[in-house]
Amino acid sequence: MKLVSLTLENWRGVSASQIEFDSGVTLIEGPNEVGKSSLVEALRMLFREKSGSKKKEVQAVQPVGEDVGSSVAAEVRCCDYHFTYSKTYNRKHGTELRILAPRAEQLTGDDAHNRAWDILSGHMDMALWDALLVEQGKEIGGVKLADSDGLARALDNAAGGAGASGEESALFDAVQAEYERYFTLKTGKPRYGDEQQRVEKNHEKVQQLQTTLRELEDDLRRFEGVSAEISRLQRAVPELQAAKDQHEQRWAAIDGLQSRLIAKEEEGKPLQELLVHARNQWQQRQQAVADIARRAQELEQKQAALQPLAEQVAELEHTVQAAEATQKELQTQRRALQHALQQARRDAAYLQDAAELARLEQLLARVQAQRGELAAARETLAGIHITSAGRKEIQAAASALDVATRTRDNAATRLTIEALQALDWQLNDEAVSLRPGATLERQVAATLQLEIPELARISIAPAASAGELAAEVDARQQELDALLARFQVRRVEQAIAQDEQRADAEQTVRSVRERIEDTLQGADEESLQADYTRLQQACDDALQQRDPDQPLPASAHEAKQQLETAAEALDACESERDQEAGRLETQRGELTRAQAKQQQASVEANALTSVLEDKRSSLAQAIEAEPDATLEEAVADREQQLAAITAELEQLRAQLQSEDPDSARLQLDNASHALRRAERDIIEQQQEQAVLKSRLDRAQANGLFEELEAAEQALAEAEDTLAATERRAAAAKLLWETLNQHRDASRQAYVRPLREGIQNLGKIVFGSDFDIALDEDWTILSVTRSGQTVPFDSLSVGAKEQLGILTRLAAARIVADEGGVPVIIDDALGFSDPTRLQSMGAAIAAAGRDAQVVVLTCTPGRFMYLGEVGVRRL
């Protein structure tokens, strides 16, 4: 098959597109989203999908937002056929086929689809068509060619007819169909499982019935055994009853002997108690005599030990009295030393408080003086109203006034009057008196009125500019006067002096405050005053409480020495007192123990005397009531009586032992148990006999023997059917496997042209030492270059992609003589370097001489090395 042209309308984002294909290599270039992949999609859908299909992939080709049908039309040459084939999907769907050769035909609808499919599938290998189509984004490296019958025939022809003929293929298909009647093609599992299950089911039923019959036979044998056992037990019961009666009689005689023995033992128990009592009385009498003798000897010893103890107690009492006197003296001395120590401590505290009082008095006096300085400085500041800024303003105003005055004077008319004789006259409103030789000078800044009484009135007026300067001087003077009044000073010099005085006073305030803080050292003056008052009161109280006859230490050092001396004396006294107290305590303890020992010895001697007297009195009374001879006779009588009873008991025990009561009891119990077991077994056997009889009756009524016979017949028939099926299946399997072996051997022979075709193209790309190995399914197993063999799966993505394209090109060249199938490559070789792109271009061009190749790309430079190629740009 070869493509002549392809036309799309309203296909996804493509409104209209038409491509004319070359018979060799056609390169379709265009940017992304222009519709290159849509050409491949439309061509595949044209051959496969009916126009009325509602599949999602069919509905997806309709342009978004447009209610139009999507059309595809192709002009195709397939063997002797030349036709145009078009379909419209989704809206107004339809199919049209126009056959131009070998005989003109025109069909529509499903008839057109079916006719086109018959032509394509009958004259073109559709499996190979799918294998040689490389869609964008799909894996390219692995290509499956083994399913292609067309390629197989072409390989067979290329190998010189080593493959199967048409008749042989039909035979293989028939054998395979027969094989598939009995086995699955992929897994080889049997398909006649129903017959096997029927045999198994019948076999299970037969086994179940046989088991049931065996159980019935067991029940029958058991029934006979149970009946025999019942008869035997019924015959044994009288014998067992007689044995039981015999053992009961023997046990009755033994029980009588045991009763006599128990009675005789009970008779001997009081005599035994009386003998024990008589012996105890005689033993107690002997123990009482021995105890009196022992206690008398002990009393003599205790009375002899009382005198040394009395002497020891008297000596210890004298020692303790002397130690107590010494302790009292030390106690008196200690109180005197404690008083002296307390006085020394009070004196030391007084001197320390007095020193601190003097220090506080000086400090407070110094602070008070500084407070006076601070108050004086503040009083000075209160009378000063000038500030640093005010001083600057006054100085500036005075400077301005001075400048204005100098300016005015320099520009004004100077009036000089010298008196030749005494003269009194008026200058403006001012009375002026001059003595002879005196002069008066004035700057005429304003009009001057000079009046000499009764002689003349003279007016002197300055120039116009002098008047303005005078006005300026007046203004400056007013400004200065206002400032002087504001800060309550009369003159500029006073303002300066007061400002200096203010600065000095502020400095004094800061200095005094700092000195006060240095003096107080962070303390509160009120707290210091309170401490002063407290210390003064403490000192006064200490002097009032002190004994005036005792001299006060001259200094704190002397007071410290007196304190240390008093403390050392007190420590020495207390140490001696503690030692004497320890000795006194020890002596008192010895005295207490000696007194206690004396008291205890005296009490024990008195108690022993009392006890001894009581025991002697009790013994005399007992002897008087029952003499020693009477007790001895009672013991002898009781022993004689008990000996007679003991002899009778020995005789009875010997007689009882000869009868062996334990064996007799065991034999009686065993005989009783044997009789009861026989009676119980008879009942159980009779119950089991009834159950077995019921089961046997039911089995006879159900016809199990007939059912087993029918089941065995059905099993035999099922086994015969299964055996026949298995024989046919084995024959079909053997034939199919044999044909497969021969077919595989033939395939190995005719796959050589495919291997050589891939090698020839591969040498263009990978070099002259390129070689490959193909697997049974015609896929590349490994690649050999430079003498090194690498598994296909271990190759890089680019190498796999290149080999996948070369394999498709080789297959297309092989089937080209039988009509061929075009190779369509959509956007491939993205993982190839420039050198490989160049060699791949040469390989594609070489394949294009024999087969039709269509290459689609969004990167034109990638296929710039293609030589003979028809370029179509979208």
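Residues numbered from 1 in each chain as written. Predicted model: local features only at pLDDT ≥ 70, side-chain atom pairs only at ≥ 80, totals over all residues. Heavy atoms only, no water.

### Looking at the packing of aromatic side chains
- Under the counting rule described, the total for this entry stands at 2 aromatic pairs.
- Taken together, a centroid distance of 6.0 Å and an interplanar angle of 80° make the contact between Trp11 and Tyr89 edge-to-face. Remark: Tyr89 occurs in strand 5 (residues 81–90) and Trp11 occurs in strand 1 (residues 2–11); sequence separation between them is 78 residues.
- Among the residues examined, Trp11 registers a relative accessible area of 0% and is labelled buried.
- Overall, Tyr89 belongs to the buried group, its relative accessible area being 0%.
- Arranged with centres 5.1 Å apart and planes meeting at 20°, the rings of Phe766 and Phe770 form a pair that is stacked.
- Judged by relative accessible area, which is 2%, Phe770 ranks as buried.
- In this structure, Lys733 packs its charged tip against the face of Phe183, placed 5.4 Å from the ring centre. (Phe/Tyr/Trp six-rings, centres within 6.5 Å; stacked < 30°, edge-to-face > 60°. Helix = DSSP H or I, 4+ residues; strand = E, 2+ residues; numbered from the N terminus. Buried < 20%, exposed > 50% of the residue type's maximum accessible area, 1.4 Å probe, protein only. Lys NZ or Arg CZ within 6 Å of the ring centre and 35° of its normal.)

### Points about unusual backbone geometry
- Each neighbour pair has its own omega, and for Ala101 with Pro102 the value is 5°, a cis peptide bond.
- Within the element layout of this structure, Pro102 appears in the loop between strand 6 (94–101) and strand 7 (105–108).
- With phi around 70°, Glu33 is a residue other than glycine that occupies positive phi space.
- With respect to the helices and strands, Glu33 occurs in the loop between strand 3 (25–29) and helix 1 (36–48).
- Of the residues examined, Glu33 reaches a relative accessible area of 80% and is grouped as exposed.
- One non-glycine residue with positive phi stands out, namely Asn90, at about 65°.
- Taking relative accessible area as the criterion, Asn90 reaches 16% and is therefore assigned buried.

### Examining the sheet that holds strand 17 (residues 788–791)
- If you trace the 3 strands from one edge of the open sheet to the other, you get 15-16-17, paired in antiparallel fashion. Here the strands that pair on one side only, and so sit at the sheet edges, are strand 15 (771–774) and strand 17. Averaged over all pairs of adjacent strands, the angle between their axes in this sheet comes to 25°, without regard to strand direction.
- Pairing analysis gives 4 bridges linking strand 15 to strand 16 (residues 780–785), with the strands arranged antiparallel. When the bridges of strand 16 are listed, Asp771 appears paired with Thr784. (Pairing = 2+ DSSP bridges. Axes fitted to C-alpha atoms, helices over the stretch in contact; angles between N-to-C directions.)

### Digging into the sheet that holds strand 14 (residues 456–460)
- Spatial strand order, 11-10-13-14: 4 strands in an open sheet with antiparallel pairing. Every interior strand has two partners, whereas the edge strands, strand 11 (430–434) and strand 14, have only one. Averaged over all pairs of adjacent strands, the angle between their axes in this sheet comes to 25°, without regard to strand direction.
- Relative to strand 11, strand 10 (residues 423–427) runs antiparallel, the two being bridged by 5 bridges. Across the sheet, the residue bridging to Leu423 is Leu434, located in strand 11.

### Details of the environment of Ala674
- Structurally, the position occupied by Ala674 is in helix 14 (residues 661–702).
- Considered as a pair, Ala674 and Ala243 are 431 residues apart in the sequence and their alpha carbons are 9.9 Å apart.

### A short note on the packing of helix 16 (residues 752–766) against helix 18 (residues 834–848)
- For the pair helix 16 and helix 18, interaxial distance at closest approach is 8 Å and the crossing angle is 150°. When the axis of helix 16 is compared with that of helix 18, the two are roughly antiparallel. When you trace helix 16 past helix 18, the crossing you get is right-handed. Here Leu761, Ile764, Val765 and Phe766 of helix 16 lie close against helix 18, whose contacting residues are Arg836, Ser839, Met840, Ala842, Ala843 and Ala846.
- When the residues that make up the contact of helix 16 with helix 18 are grouped by side-chain class, the tally is 8 nonpolar, 1 polar and 1 charged. (Parallel < 35°, antiparallel > 145°, perpendicular 65-115°, else oblique. Left-handed = near helix turned anticlockwise from the far one by under 90°. Contact = heavy atoms within 4.5 Å. Nonpolar A, V, L, I, M, F, W, Y, C, P; charged D, E, K, R; others polar.)

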